[in-house]
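For reference, the chains in residue letters:
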Amino acid sequence: MTVRRTSIHGEWSSRWAFILAAAGSAIGLGNIWKFPYLAGEYGGGAFVLVYLLAVGIVGLPIMIAEILLGRRGRQSPINTMRTLAAEEGRSPHWQWLGWMGVLAGFLILSYYSVIGGWTFAYVVRMAGGLFAGATTGTVDAAFSALVSDPERLLAWHTLFMIMTMIVVARGVKSGLERAVRFMMPALFLILLLLVGYSMNTGYFTEGLRFLFAPDFARLTGAGVLAAMGQAFFSLSLGMGAIMVYGSYLPHTASIPRSAIQVAAADTTVALLAGVAIFPIIFANGLDPAQGAGLAFKSLPLAFGQMPGGSLFGALFFALLVFAAWTSAISLVEPAVAYLVENRGMNRVRACAWVGVTVWFLGLGTVFSFNLWSGATLFGLNFFEALDFLTSNVMLPLGGLLIAVFAAWRMSRKSTESELDAGPTGYRLWWVLVRYVTPVAVFIVLLHVTGLLGR
Ligand code: PFF
């Protein structure tokens, strides 16, 4: 049956406003910083193929489910789950899904902000001409100097958090739409410029082969888990970010079409980043599997060698800060919306609470690159453990539960009327989200428990 609730937080002005905000959430450090270094670490082509499959078979159906739940519930994910469970005669425990999302958002932002801080630092370094004529030695030294200095990292992390919380405090909708409308095309253009540069390195085909020719011998169980985790991370799924944005979506908008557009934009940016970065890696003899520093060591080399590079480089990293910012906002919006709904706080106070908590958690990541770099659990330092726990466990688990709730716990009448996708489209989504997606996520998640081989 059709249900028409309204959100106390307001609505997007149009479907496009939603697309821009959701794309702003999806496109961020995950595309440009994380996707390339994971692809490098897990051996390229086969990882990329699994990632693309995960986006299509797992990510897209779950994104549709998240938007659907959000629009029907019209509240923060915690209250949306509580309301919908009650409406469908299901257990109130489903609200825990919302709580897990809030926790995941806090944990992710705590390290996301530190990497956002690196990006900030690189704007200043680029603009100051530090990388003009850079060699592998210069970029290496510059990166090490940054991450080994806890005070500097802390200062940048603090600045990133303050900027994020100011925007969230003012309300997600004001300004976000306009900012994304300018920022996304600009980022896209500079990525194309970088791809153009990579074409002339002499290693372009080698880069393409690394990214797109699957070598299954190099794919491990851990790689498959990381590829699926990255699909969730990059599409902002499994923690309620897209759900809360969906709760502001007008009733007339098509959910499947919106989801496809957001996923396509997100995937294009990640692939472009990979296509830009790997030729630079090979041309300079860098190690594709070096980990989290990959983008920060390769891109400055390219900017350092092109005419006008300091300017373009500074602009690129500034746009990346922006992209990170629009993602960070969506990481805390579920928690802030909840505090406003249930604790009667205004947005400013809610943001202060959330901001201070996340800032504090971020200290763990700041120190894991220097003071605590030796402290490991199962071979992972604090940042790596947090990233593994959130991307590879919490987000897929959240996504799995969202799929189960939408397809097994909501009545067909409710989902069909909310989705409004025509009989074939609905059927396709329903089969995917009811059988294919949960089974795929479940099997891949088994790897975490050690039940599947390495
Ligand atoms: N999708 C963002 C990125 O790729 O940078 C990160 C992110 C945002 C993950 C929001 C999860 C989320 F809920």
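Parameters and conventions
- Residues numbered from 1 in each chain as written.
- Predicted model: local features only at pLDDT ≥ 70, side-chain atom pairs only at ≥ 80, totals over all residues.
- UniProt positions renumbered as here; feature names shortened; annotations may be inferred.
- Helix = DSSP H or I, 4+ residues; strand = E, 2+ residues; numbered from the N terminus.
- Rg over C-alpha atoms; globule rule 2.2 N^0.38 Å.
- Buried ≥ 20, exposed ≤ 12 C-beta atoms within 10 Å, placed from the backbone.
- Contact = placed C-beta atoms within 7 Å.
- Near = placed C-beta within 6 Å.
- Nonpolar A, V, L, I, M, F, W, Y, C, P; charged D, E, K, R; others polar.
- Core = buried A, V, L, I, M, F, W, Y, C linked by C-beta atoms within 7 Å.
- Expected span 1.5 Å × (residues − 1).
- Axes fitted to C-alpha atoms, helices over the stretch in contact; angles between N-to-C directions.
- Left-handed = near helix turned anticlockwise from the far one by under 90°.
- pLDDT = per-residue confidence, 0-100.

The name given to the chain in an unreviewed UniProt entry is Transporter, and the organism recorded there is Sulfurifustis variabilis. Heading Sequence similarities (unreviewed entry) of the UniProt record for the chain holds this comment: "Belongs to the sodium:neurotransmitter symporter (SNF) (TC 2.A.22) family." Turning to the chain, the UniProt annotation filed under Subcellular location (unreviewed entry) states: "Membrane".

J.: Hey, could you run me through the overall build of the chain in this one?
T.: In terms of helices and strands, the chain carries 18 helices and zero strands. The C-alpha atoms of the chain give 21 Å as radius of gyration, which agrees with the globular expectation for 454 residues (22 Å, within 12%). Over its C-alpha atoms, taken along the principal directions, the chain stretches across nearly 65 × 50 × 40 Å. Put simply, the chain has 454 residues, and 54% of those count as buried. Summarising the internal contacts of the chain: among those between residues at least 6 apart in sequence, 85% fall at separations of at least 24.

J.: Explain the site of the ligand here, please?
T.: Contacts to the ligand come from 15 residues, most closely from Gly-28, Gly-30, Ser-236, Ala-241 and Ser-327. Elements represented by at least two residues in the shell around the ligand include exactly helix H1 (15–26), helix H2 (29–41), helix H10 (221–234) and helix H14 (309–342). Grouping the amino acids of the shell around the ligand by side-chain chemistry returns seven nonpolar, eight polar and no charged.

J.: Just to check I follow, could you spell out unusual backbone geometry for this structure?
T.: Working note: non-glycine residues mostly have negative phi, and peptide bonds are mostly trans. Non-glycine residue Phe-378 carries a positive phi angle of around 50°. Here Phe-378 lies in the loop between helix H15 (347–368) and helix H16 (382–409). Of note in this structure, Asp-420 is not a glycine but carries a positive phi near 50°. Relative to the assigned elements, Asp-420 resides in the loop between helix H17 (412–419) and helix H18 (422–446).

J.: What exactly am I supposed to notice about the nonpolar core here?
T.: Among soluble globular proteins, nonpolar side chains are generally buried collectively. Membership of the largest hydrophobic core comes to 166 residues, with the highest contact counts inside it found for Ala-23, Met-63 and Ala-406. The element contributing the most residues to this core is H14, with 21 residues. For Ala-23, the residues in contact, after removing those within four places along its chain, are Val-180, Met-184, Val-262, Ala-265 and Asp-266.

J.: Just checking my understanding: could you explain the environment of Ala-141 for this structure?
T.: If you trace the backbone, Ala-141 turns up in helix H6 (residues 136–147). Separated by 156 residues in sequence, Ala-141 and Lys-297 have C-alpha atoms that sit 9.4 Å apart.

J.: What is the right way to look at the environment of Gly-43 in this model?
T.: By secondary structure assignment, the location of Gly-43 is in the loop between H2 and helix H3 (45–73). Residue Gly-43 is classed as buried on the basis of its 20 C-beta neighbours within 10 Å. When the C-alpha positions of Gly-43 and Leu-432 are compared, they lie 29 Å apart, and in sequence the two are 389 residues distant. Those residues in contact with Gly-43, other than ones at most four positions away along the chain, are Asp-215, Arg-218, Leu-219 and Gly-223.

J.: Explain H15 here, please?
T.: A turn of α-helix holds 3.6 residues, and therefore any two residues three or four places apart point the same way. The first and last C-alpha atoms of H15 sit 32 Å apart over 22 residues, in line with the 32 Å expected at 1.5 Å per residue. Of all the positions in H15, only Ala-350, Cys-351, Val-354, Gly-355, Val-358, Gly-362, Thr-365, Val-366 and Ser-368 are classed as buried. The inward-facing, buried residues of H15 abut helix H5 (95–127), helix H7 (150–169), H14 and H16.

J.: Just to check I follow, could you spell out the packing of H3 against H16 for this structure?
T.: Two quantities define a packed helix pair, namely the angle between the helix axes and the distance between the axes. Interhelical geometry of H3 versus H16 gives an angle of 65° and a closest axis separation of 9 Å. The handedness of the crossing between H3 and H16 comes out as left-handed. When H3 is examined against H16, the residues Pro-61, Ile-62, Ala-65, Glu-66, Leu-68 and Leu-69 are found in contact with a partner set consisting of Gly-399, Ile-402, Ala-403 and Ala-406. A per-class count over the contact of H3 with H16 returns eight nonpolar, one polar and one charged.

J.: Can you help me understand the confidence of the model for the chain in this one?
T.: The predicted coordinates of low-pLDDT regions are not to be read in fine detail. On average, residues of the chain carry a pLDDT of 93, and 98% of them reach 70 or more. Across the predicted assembly, pTM comes out at 0.95 and ipTM at 0.99.

J.: Explain the environment of Pro-150 here, please?
T.: Inspection of the secondary structure puts Pro-150 in helix H7. Sequence separation between Pro-150 and Leu-363 is 213 residues, and the spatial gap between their C-alpha atoms is 9.1 Å. Excluding residues within four positions of it along the chain, Pro-150 makes contact with Val-366, Phe-367, Asn-370 and Leu-371.

J.: Sorry if this is basic, but what is going on with H2 here?
T.: Helix length check: H2 (13 residues) gives 17 Å between terminal C-alpha atoms against 18 Å at 1.5 Å per residue, within 8%. Turning to H2, its buried residues are Leu-29, Gly-30, Asn-31, Ile-32, Trp-33, Lys-34, Phe-35, Pro-36, Tyr-37, Leu-38, Ala-39 and Gly-40. Positive phi shows up at Gly-43, right after H2, with a value of about 90°.

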